[in-house]
Amino acid sequence: MNAPNSFRAQPDETGHFGPFGGRYVAETLMPLILDLDKAWQAAKADPAFQAEFEDLLEHYVGRPSPLYHAERLTEALRENAPEGMGAQVWFKRDELNHTGAHKINNCIGQILLAMRMGKTRIIAETGAGQHGVATATVCARFGLPCVIYMGAKDIVRQQPNVFRMKLLGAEVRACESGSKSLKDAMNEAMRDWVANVHDTFYIIGTAAGPHPYPELVRDFQSVIGREARAQMLSRIDRLPDLLVAAIGGGSNAIGLFHPFLDDADVAMLGVEAAGHGLDKQHAASLAGGAPGILHGNKTYLLQDEDGQIDEAHSISAGLDYPGIGPEHSWLHSIGRVEYTSATDTEALDAFQLLCRTEGIIPALEPSHAIAAVARRAREMKRDQIILANLCGRGDKDIFTVAEALGVAI
Amino acid sequence: MTRLSNAFAKAHPALVAFVTAGDPTPADTAAILDALVAGGADVIELGMPFTDPMADGPAIQAANIRSLGAGTRTADILSIAKAFRARHPETPLVLMGYANPMTIRGADWFAAAAKDAGVDGVICVDIPPEEDAALGPALRSAGIDLIRLATPTTDAARLPAVLDGASGFLYYVSVAGITGKQQAAQASIEDAVARLKAATDIPVAVGFGVRTPEQAAAIARVADGVVVGSAIVELVGAHGKDAPAPVRAYIETLSAAIRGARQEIAA
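Residues numbered from 1 in each chain as written. Chains lettered and ligands numbered in written order. Predicted model: local features only at pLDDT ≥ 70, side-chain atom pairs only at ≥ 80, totals over all residues.

**What about the interface of chain B and chain A?**
Part 1 of the reasoning: Residue-level contacts link 32 residues of chain B with 28 residues of chain A.
Part 2 of the reasoning: Breaking the side of chain B that touches chain A down by element, the ones donating at least two residues are α3 (58-69), α5 (99-103) and β6 (149-150) of chain B.
Part 3 of the reasoning: With 4 residues, α5 of chain B is the largest single contributor of residues to the side of chain B that touches chain A.
Part 4 of the reasoning: Tallied by class, the residues present in the side of chain B that touches chain A amount to 16 nonpolar, 9 polar and 7 charged. (Contact = placed C-beta atoms within 7 Å. Helix = DSSP H or I, 4+ residues; strand = E, 2+ residues; numbered from the N terminus. Nonpolar A, V, L, I, M, F, W, Y, C, P; charged D, E, K, R; others polar.)

Below, the structure written as structure tokens:
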């Protein structure tokens, strides 16, 4: 495939990223999707909408998030690196946002869009609960009723976030079908939406689903990469050599990557969840899947030869999804972004490493990114820079981690 | 004339009956399909089970789970269709399902396999006209009808796009929602059918939430066909491999009601 003039000009007007993306939804939803696209295109071009979004990001979310040079982690990784090797590790601190993850950036944008469209009821799906908490938060902030769909299995392993959502006034509905995790929550949310199209706005949590969701979620999350790019230039007057981010659906990763896509010297690495291992149960759609159609878009999916969707597994509920956002499938297919994976065990090791070296308890999702950083840093020179997205904090995960480490709390 | 157009040219409106292939097992489906035909179904809609049936309510979700749990594969569904075609040379058979199982081996593969199995039409829930290229051209060149869906949200501006490339019949989904939940008000159905029939010459069948002979008869007075699904699937769920007798008895009540409805109009 020939290199395009810009990697930042996708999707086309029909919502396709090369062969990926699109609008594979039931006819009942199609008029709504078209309305949403019209409203989104108008909002995007409206300075008042952008100003309100940016004002809330600054004063309610707490942006810009810091850019942090992790010197003790860098030193720890250099101990096992060959002579002269061991890149500097920097973090974009999106775990310091209000609600503890990057998810809030997108929720602010989508609820403003929902109100602009006159919608009066909000629904969302959630895996780890971070998107559910962020959605419940913005619904409380703007006074809209909120229903969160969550897999029954995830409700058990993310109890603190379930309680948070309830405190914020949301109704949490358990999904007992299928794998009882994120994909089933998404199925239930779409069933709710199709039955309540007149008044309901569906706040999708990741850069996936039917067009225009992958585009609008990316654009709301791109604040991460825009800030990081400006912060790098102002702090050390250069761009990083490598960007690293964890990928479930891929919203934090596309948010970091997108503003850098046309910086030819900046390499990028997306990290999927390898679960128990790529030869066992995992959630690495690019590494172990094939293109298919699910949840409104064409993208890489974990599936069998008949197109039945396989159940994903990751210790991180937020990465436990058998698909990936369509823009990542496209960036993978054209080779602009490299994708790798980290297992549950590698993520747990990286989680503990960051706790001890930097005094930061990361979520299990970015722990996958940190595991990949640890592998890459030793292969890169000392004057090179890795910038990883610390997209969530780990308070919600301490019970899962304790159980995995055999510790009773 | 195709098998589908013949079915809609009868003296009574067509009874379109849905069951999920492979529910409760692939071996049990043939007898259930025979019961539908014996009971008076004019068109068979054979559901292709999918792990993530986003547009379906609890009854058909459960049928998908039972079928996949019994090990139903795409090859089994095609075998069920082919054997049905051999037993019932005149009864039209429509496959209904989701995009991924239909397109995973390529649209051309699916169209050829469906043609070989004697399938007359295909309904794909999650390929709207905007994504027609993913399946439509392959079906049309194989001579299989692509049956489009119209819904309460399909407005006048959008209807031409839905009708462009539609054939066989137009399936009016009378409720904005999932299968098997509630039925639309009769007045709204009558308005919608009148609007659709003014825009197209292909037959209009109405479904979603149709359960009782009275509902079926009321729709039969205005539409060219009545689609019944969840109520049949619930009988299969309750009776398993013993479902053929109660399914036939139930279909007979619907069939009698639909025939009666048209006679009332004639008289």
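**Quick word on the pairing of strand β3 (residues 93-97) of chain B**
All names here are of chain B.
Part 1 of the reasoning: A large share of β3 lies buried, amounting to 5 of its 5 residues.
Part 2 of the reasoning: Both faces of β3 are covered, namely the face carrying Leu93, Leu95 and Gly97 and the face carrying Val94 and Met96.
Part 3 of the reasoning: When strand β2 (residues 43-47) meets β3, the two strands line up parallel, connected through 4 bridges. Within β3, the residue paired with Ile44 across the bridge is Leu93.
Part 4 of the reasoning: Sheet topology places β3 next to strand β4 (residues 121-124); 4 bridges connect them, and they run parallel. Bridging from a neighbouring strand, Gly97 pairs with Cys124 of β4. (Buried ≥ 20, exposed ≤ 12 C-beta atoms within 10 Å, placed from the backbone. Pairing = 2+ DSSP bridges.)

**Thoughts on the nonpolar core**
Part 1 of the reasoning: In this structure, Ala245 of chain A together with Val226 of chain B are the most contacted members of the largest nonpolar core, which totals 228 residues.
Part 2 of the reasoning: In terms of residues, this core owes the most to one element, helix α15 (residues 364-377) of chain A, which gives 8 residues.
Part 3 of the reasoning: No fewer than three residues from each of domain 1 (26-59 + 103-217) and domain 2 (63-100 + 221-404) of chain A sit in this core.
Part 4 of the reasoning: Sequence-distant contacts of Val226 of chain B, defined by excluding residues within four places in its chain, comprise Pro13, Leu15, Val16, Ala205, Val206, Val210, Ala216, Ile219, Ala220 and Ile258 of chain B. (Core = buried A, V, L, I, M, F, W, Y, C linked by C-beta atoms within 7 Å. Domains from an automatic or database assignment.)

**What about the environment of Pro322 of chain A?**
Residue and element names in this part refer to chain A.
Part 1 of the reasoning: Tracing the backbone shows Pro322 in the loop between β12 (296-301) and α13 (326-334).
Part 2 of the reasoning: We classify Pro322 as buried; it has 28 C-beta atoms within 10 Å.
Part 3 of the reasoning: Residues Pro322 and Gly248 lie 74 residues apart in sequence; the distance between their C-alpha atoms is 8.4 Å.
Part 4 of the reasoning: Setting aside anything within four residues of it in sequence, one finds Pro322 in contact with Lys183, Ala283, Ser285, Leu301, Leu302, Ile309, Asp310 and Ala312.

**Details of the UniProt feature "active site" (unreviewed entry) in chain B**
All names here are of chain B.
Part 1 of the reasoning: UniProt records the feature "active site" (unreviewed entry) at Glu45 and Asp56, using the numbering of this structure.
Part 2 of the reasoning: Position of Glu45 relative to the elements: it lies in strand β2.
Part 3 of the reasoning: Its 26 C-beta neighbours within 10 Å are what place Glu45 among the buried residues.
Part 4 of the reasoning: Ignoring anything within four residues of it in the chain, the contact list for Glu45 reads Val16, Ala17, Phe18, Val94, Met96 and Val227.
Part 5 of the reasoning: Counting through the fold element by element, Asp56 comes out in the loop between β2 and α3.
Part 6 of the reasoning: Its 26 C-beta neighbours within 10 Å are what place Asp56 among the buried residues.
Part 7 of the reasoning: Contact partners of Asp56, with chain neighbours within four places excluded, come to Gln61, Ile178 and Thr179. (UniProt positions renumbered as here; feature names shortened; annotations may be inferred.)

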